[in-house]
Amino acid sequence: MNFVHTEDRRMLADSLNRFVAEQYGIEQRNQLAYGSEGHSPALYAQFAELGAIGALFPEAEGGFGGSGFDISVVFEALGRGLVAEPLLGALVVGQALIAAGSDAQKRQLDDIIAGGVIAALAHDEPGSHYELNKVTATAARTATGWVLNGAKSVVAFGEKADLLLVSARTAGGVFDTAGISLFLVDGKAAGIAKRGYSRMEGGRAAELTFENVQLAEEALLGAEGQGHGVLEHVQGFALLALAAEALGAMDVAKQSTLEYLQTRKQFGVAIGSFQALQHRMADLLLEVEQVRSTVINAADAIDNAQGTEREKMLSAAKYTVGSVGTLVAEESIQMHGGIGMTWELPLAHYAKRLIMIDHQFGDEDHHLARFMALG
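Residues numbered from 1 in each chain as written. Predicted model: local features only at pLDDT ≥ 70, side-chain atom pairs only at ≥ 80, totals over all residues. Heavy atoms only, no water.

An unreviewed UniProt entry lists the chain under the name Acyl-CoA dehydrogenase fadE12, with Comamonas testosteroni as the source organism. Its UniProt record gives the chain the following Sequence similarities (unreviewed entry) comment, quoted word for word: "Belongs to the acyl-CoA dehydrogenase family." As stated in UniProt under Cofactor (unreviewed entry), the record for the chain gives "FAD". (UniProt positions renumbered as here; feature names shortened; annotations may be inferred.)

Given below as structure tokens:
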């Protein structure tokens, strides 16, 4: 495996890191992320112009990247700046369109890449626990298409989404793998009730209720009842993206903690000279490098692995990120002392984001169990 990024990826990383540093400082980021919008539509459009969204998709589909390493480069840069923009939804919905969409449906990808459409996955439900196969929302055939009923929880940017990818059961029992279908739903369709709220680490999410939402026949994405395979496929891209984002956030938390140990003095010397703190910092550095290795493996798996082997490497990455993310958050705050928990210190927001990444698309316990179940 070649561990060196191509020149194009290095240029993309440099451009994104520079843009985030200049336009997405922590004060502005917090104002946007914890505000009523949860993000900045204007900055999201600029990310699209820089190619951050296009890099997530292959050239054949209107992008200019699409490989696992392209995705990891983009999301690592986003993690460094705690960027609270809806790129994860764009990645997941866009990859679903590529995997199962008709030619007409795939044309919606152009607007996603251009940044003109906010897309969101609406799959998790009240009472669910990361299971892809647990779906109680229903879709029934009508004379003109489908009627959708049910509820979805913690839909990232769900209240602002222009395009929703909704899972619903068209056959089978609540936990059956077969019988899950996917639908492309206009975010402003009649019958959708939305309750939006701020997430703990910034950004917005929403509880969605679908009551007799009328859909056209062409709203069905892929084959009826075969949506589980598509969900598992696109979940892999989300796991890679979250792992890379966490790596970027860990690098910043690690560096800020190292700088603090070198400058904060006690008893007339820098506290980084104390052996106990040196040992803790050394352990932290090793754990972050372990995460870097799992992100590289996950990026390679997206491109080159299939079936069980692909899913195992992606779950291994998400498990490692969850475990190490908690460690980095706790150790960084503790080694900063009392100021580590203050709102004004950027580290506190990085710690919150690291903790919450663990809970997106399955926490460390879920993915450890999944890894073992995959053999």
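Next, the rest of the story.
**Q** Any details on the side chain of Ser181? Residues and values, ideally.
**A** You can see Ser181 is positioned in strand β5 (residues 180-186). A polar contact of 2.7 Å, which involves the side chain of Ser181, links it to the backbone nitrogen of Gly225. (Helix = DSSP H or I, 4+ residues; strand = E, 2+ residues; numbered from the N terminus. Polar contact = N/O pair within 3.5 Å; in protein donor to acceptor, adjacent residues only side chain to side chain.)

**Q** Explain the packing of aromatic side chains residue by residue, including any values.
**A** The full count for this structure, using the stated rule, is 4 aromatic pairs. Pairing Phe19 with Phe47 gives two aromatic rings, centres 5.1 Å apart and planes at 80°, and the pair type is edge-to-face. In this pair, Phe19 is assigned in helix α1 (residues 7-23) and Phe47 in helix α3 (residues 41-50), connecting sequence segments 28 residues apart. Assessed through its relative accessible area of 10%, Phe19 is described here as buried. Given the relative accessible area of 0%, Phe47 is considered buried. Consider the rings of Tyr24 and Phe47, whose centres lie 6.3 Å apart with planes at 65°: the pair is edge-to-face. Taken as a pair, Tyr24 in the loop between α1 and α2 (26-33) and Phe47 in helix α3 lie far apart in primary sequence, 23 residues in all. An aromatic cluster is present here, built from Phe19, Tyr24 and Phe47 joined pairwise through their rings. Here the guanidinium or amino end of Arg310 rests over the ring plane of Phe237, the centre of that ring lying 5.7 Å away. It is Lys312 that lies over the ring of Phe371; its NZ or CZ is 5.2 Å from the centre. (Phe/Tyr/Trp six-rings, centres within 6.5 Å; stacked < 30°, edge-to-face > 60°. Buried < 20%, exposed > 50% of the residue type's maximum accessible area, 1.4 Å probe, protein only. Lys NZ or Arg CZ within 6 Å of the ring centre and 35° of its normal.)

**Q** Describe the environment of Ala99, with residues and values.
**A** Of note, Ala99 is situated in helix α5 (residues 87-100). As for Ala99 and Leu220, which are separated by 121 residues in sequence, their C-alpha atoms are 13 Å apart.

**Q** Outline the domain arrangement of the chain, supporting the account with residue identities and numerical values.
**A** Split into domains, the chain comes out as domain 1 (7-117), domain 2 (120-225) and domain 3 (228-374). Counting residues at the interface gives 22 residues for domain 1, matched by 30 residues for domain 3. Summing both sides of the interface, domain 1 and domain 3 together bury roughly 2100 Å²; the carbon and sulfur share of this comes to 74%. When residues of domain 1 are sorted by the area they lose upon contact with domain 3, Phe69, Arg80 and Leu82 head the list and together hold 23% of the total. Put simply, domain 1 and domain 3 have 1 salt bridge between them. Where Asp251 meets Arg80, a salt bridge forms, and the shortest distance between an N and an O atom there is 3.2 Å. (Domains from an automatic or database assignment. Contact = heavy atoms within 4.5 Å. Buried area = accessible area lost by both parts, 1.4 Å probe. Salt bridge = Lys/Arg side-chain N within 4 Å of Asp/Glu carboxyl O.)

**Q** Lay out the nonpolar core with the relevant residues and their values.
**A** Soluble globular proteins tend to bury their nonpolar side chains together. Val74, Phe75 and Leu164 are the most contacted members of the largest nonpolar core, which has 114 residues in total. Per element, the largest residue contribution to this core is 18 residues, and it comes from helix α8 (residues 227-263). Not counting the four nearest positions on each side in its chain, Val74 is found in contact with Leu12, Leu16, Ala52, Ala55, Leu56 and Leu87. (Core = buried A, V, L, I, M, F, W, Y, C linked by side-chain atoms within 4.5 Å.)

**Q** How would you summarise α3 if you had to cite specific residues and measurements?
**A** Those residues of α3 not exposed but buried are Leu43, Tyr44, Phe47 and Ala48. Projected down its long axis, α3 carries its buried residues within an arc of 150°, all on one side. Contact partners of the buried residues in α3: α1, α2, α4 (68-80), α5 and α7 (108-113). (Arc of directions from axis to C-beta.)

**Q** Give a description of unusual backbone geometry that names residues and reports values.
**A** Glycine aside, the phi torsion of most residues is negative, and most peptide linkages are trans. A positive phi angle, near 45°, is found at Val154, a position not held by glycine. Along the chain, Val154 falls in strand β3 (residues 145-156).

**Q** Give a detailed account of the pairing of β5, specifying residues and quantitative values.
**A** Along β5, 6 of the 7 residues are buried, which leaves the element largely enclosed by surrounding structure. Pairing between β5 and strand β8 (residues 220-221): 2 bridges, direction antiparallel. Paired with Leu182 across the strands is Leu221, a residue of β8. (Pairing = 2+ DSSP bridges.)

**Q** Quick one: what's the story with the UniProt feature "domain: Acyl-CoA dehydrogenase/oxidase N-terminal" (unreviewed entry) in the chain, residue by residue and with numbers?
**A** Annotation from UniProt places "domain: Acyl-CoA dehydrogenase/oxidase N-terminal" (unreviewed entry) at residues 6-108. Annotation note: span residues 6-108, helix share 65%, strand share 0%, distance between end C-alpha atoms 29 Å.

**Q** Tell me what's going on with the pairing of β3, and back it up with residues and numbers.
**A** For strand β2 (residues 138-141) and β3, the ladder comprises 4 bridges, and the chain directions are antiparallel. Bridged to Thr138 within β3 is Asn149. The hairpin formed by β2 and β3 contains 3 residues between the paired strands. In the sheet, β3 pairs with strand β7 (residues 204-216) via 9 bridges, with the strands oriented antiparallel. Opposite Trp146, over in β7, you have Leu215 as the bridge partner.

**Q** Could you give me a rundown of the packing of α4 against α5, with the residues and numbers involved?
**A** What describes two packed helices is the angle between their axes and the distance between those same axes. In the contact formed by α4 and α5, the axes pass within 11 Å of each other and the chain directions differ by 160°. Considering their axes alone, α4 and α5 lie roughly antiparallel with respect to each other. Crossing geometry of α4 relative to α5 is assigned as left-handed. Contact residues: Ile71, Val74, Phe75 and Leu78 in α4; Leu87, Leu88 and Leu91 in α5. Split by residue class, the contact of α4 with α5 holds 7 nonpolar, no polar and no charged. (Axes fitted to C-alpha atoms, helices over the stretch in contact; angles between N-to-C directions. Parallel < 35°, antiparallel > 145°, perpendicular 65-115°, else oblique. Left-handed = near helix turned anticlockwise from the far one by under 90°. Nonpolar A, V, L, I, M, F, W, Y, C, P; charged D, E, K, R; others polar.)

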